[in-house]
Amino acid sequence: GDSVTQMEGPVTLSEEAFLTINCTYTATGYPSLFWYVQYPGEGLQLLLKATKADDKGSNKGFEATYRKETTSFHLEKGSVQVSDSAVYFCALSDSYYGNNRLAFGKGNQVVVIP
Amino acid sequence: NAGVTQTPKFRVLKTGQSMTLLCAQDMNHEYMYWYRQDPGMGLRLIHYSVGEGTTAKGEVPDGYNVSRLKKQNFLLGLESAAPSQTSVYFCASSPWRPDYGYTFGSGTRLTVV
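Remember, predicted model here, so these are calculated numbers, not experimental data. (Residues numbered from 1 in each chain as written. Chains lettered and ligands numbered in written order. Predicted model: local features only at pLDDT ≥ 70, side-chain atom pairs only at ≥ 80, totals over all residues. Heavy atoms only, no water.)

1. A closer look at the interface of chain B and chain A
Okay, so step 1: Listed as interface residues are 22 residues of chain B and, on the opposing side, 21 residues of chain A.
Okay, so step 2: Overall, the association of chain B and chain A removes approximately 1600 Å² of surface from exposure, summing both partners, and the carbon and sulfur fraction of that is 55%.
Okay, so step 3: Taken as a group, Pro98(B), Asp99(B) and Tyr102(B) account for 32% of the area that chain B buries against chain A, more than any other trio of residues on that side.
Okay, so step 4: For the pair chain B and chain A, the number of links is zero salt bridges.
Okay, so step 5: Here chain B is connected to chain A by five residue pairs in polar contact (both at pLDDT 80 or more).
Okay, so step 6: Elements represented by at least two residues in the side of chain B that touches chain A include exactly strand E4 (31-38), strand E5 (42-49) and strand E9 (87-94) of chain B.
Okay, so step 7: Considering only residue class, the side of chain B that touches chain A consists of 14 nonpolar, six polar and two charged. (Contact = heavy atoms within 4.5 Å. Buried area = accessible area lost by both parts, 1.4 Å probe. Salt bridge = Lys/Arg side-chain N within 4 Å of Asp/Glu carboxyl O. Polar contact = N/O pair within 3.5 Å; in protein donor to acceptor, adjacent residues only side chain to side chain. Helix = DSSP H or I, 4+ residues; strand = E, 2+ residues; numbered from the N terminus. Nonpolar A, V, L, I, M, F, W, Y, C, P; charged D, E, K, R; others polar.)

And the structure:
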């Protein structure tokens, strides 16, 4: 079935550092890809999305490019702030099966140190 | 515009008690979902609904029941709570379009003692 794999373990980095969180996927059809962010004590919020190959999603300084050849959707930010500390989830929605259920990755805790 | 509203936000139950979690959305979305989130386990789908009057099982449905009598509401019931159901529960909704993604509620933190 459809699945999403995120890199293992939390990510700790200093303010203004470059952030990359890896996400790869397996899907049967032509999925849409998403990144969600969860701040402490809150629900998940849509951060960005891309709906077809080579599309780039962007929001709040974060970017991710839909790479069909490598089945990847890595999240990047050039200069992180303490306020970016959160859990980040990669997800896909595959219309092949006639529904739009999302498959989520396990999430990555990001801690930004001042 | 409220989006997805979950009530209550916190609850402590004794083992064997029952309760209902309410999810309400005001976006006229067709699909609604209940997830639980546990440390190290990510999000796990409990039940979902593709329209008013319909429900279906997700990955971890045992011990839970759901109902969707109105399009805007999706109820999650625990008939006899167990400590293993201590978790944070999230409701989400989405339109029929697969490229739209989900809108999540802010969660219900449930502790069963």
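2. Topic: the environment of Val37(A)
Okay, so step 1: Looking at the element boundaries, Val37(A) is found in strand E5 (residues 32-38).
Okay, so step 2: Residue classification places Val37(A) among the buried residues on the basis of a relative accessible area of 1%. (Buried < 20%, exposed > 50% of the residue type's maximum accessible area, 1.4 Å probe, protein only.)

3. A word on the environment of Arg36(B)
Residues and elements named next belong to chain B.
Okay, so step 1: Among the structural elements, Arg 36 can be located in strand E4.
Okay, so step 2: Taking the relative accessible area as the measure of exposure, Arg 36 reaches 7% and is therefore buried.
Okay, so step 3: The sequence separation of Arg 36 and Ala 56 amounts to 20 residues, and the corresponding C-alpha distance is 16 Å.
Okay, so step 4: If we skip the residues at most four places from it in the chain, Arg 36 touches Gly 42, Leu 43, Arg 44, Ile 46, Val 60, Tyr 64, Ser 84, Gln 85, Thr 86, Ser 87, Val 88 and Tyr 89.
Okay, so step 5: Within polar-contact distance, the side chain of Arg 36 engages the side chain of Tyr 64 at 2.9 Å.
Okay, so step 6: In terms of polar contacts, Arg 36 uses its side chain to reach the backbone carbonyl oxygen of Ser 84, at 2.8 Å.

4. Quick word on the nonpolar core
Okay, so step 1: Within the largest apolar cluster, 27 residues are counted, with the highest numbers of intra-cluster contacts made by Trp35(A), Phe73(A), Leu75(A) and Tyr88(A).
Okay, so step 2: Those elements giving two or more residues to this core turn out to be strand E2 (11-14), strand E3 (19-21), strand E4 (23-26), E5, strand E6 (44-50), strand E8 (62-65), strand E10 (86-93) and strand E12 (108-113) of chain A.
Okay, so step 3: No other element matches the four residues that E10(A) contributes to this core.
Okay, so step 4: In contact with Phe73(A), other than residues within four places in its own chain, are Cys23(A), Leu33(A), Phe34(A), Trp35(A), Leu48(A), Lys49(A), Ala50(A), Ala64(A), Thr65(A), Tyr66(A) and Cys90(A).
Okay, so step 5: The next biggest cluster of nonpolar side chains, apart from the first, holds 19 residues, and it includes Leu44(A), Val88(B), Phe90(B) and Tyr102(B). (Core = buried A, V, L, I, M, F, W, Y, C linked by side-chain atoms within 4.5 Å.)

5. What to know about the sheet that holds strand E7 (residues 56-59) of chain A
All names here are of chain A.
Okay, so step 1: Strand order across the open sheet formed by four strands is E3-E9-E8-E7, with antiparallel pairing between neighbours. The sheet is open, and its two edges are formed by E3 and E7, each paired on a single side. Between one strand axis and the next, the sheet turns by 15° as a mean value, whatever way the strands run.
Okay, so step 2: Of the pairings in the sheet, the one linking E7 to E8 comprises four bridges and is antiparallel in character. Opposite Asn 59, over in E8, you have Phe 62 as the bridge partner. (Pairing = 2+ DSSP bridges. Axes fitted to C-alpha atoms, helices over the stretch in contact; angles between N-to-C directions.)

6. Some words on the state of the cysteines
Residues and elements named next belong to chain B.
Okay, so step 1: Going through the model one piece at a time under the given rule, you end up with two disulfides over all chains.
Okay, so step 2: Disulfide pairing is shown between Cys 23 and Cys 91; the S-S distance is 1.9 Å. For the disulfide bridge between Cys 23 and Cys 91, the dihedral angle about the S-S bond is near -75°, and by the sign convention the bridge is left-handed. Of this pair, Cys 23 sits in strand E3 (residues 19-25) while Cys 91 sits in strand E9; the two residues are 68 residues apart in sequence, bridging distant segments of the chain. By the burial criterion, Cys 23 is buried, and Cys 91 matches it. (Disulfide = S-S within 2.5 Å.)

Shape descriptors only; they carry no functional weight alone.
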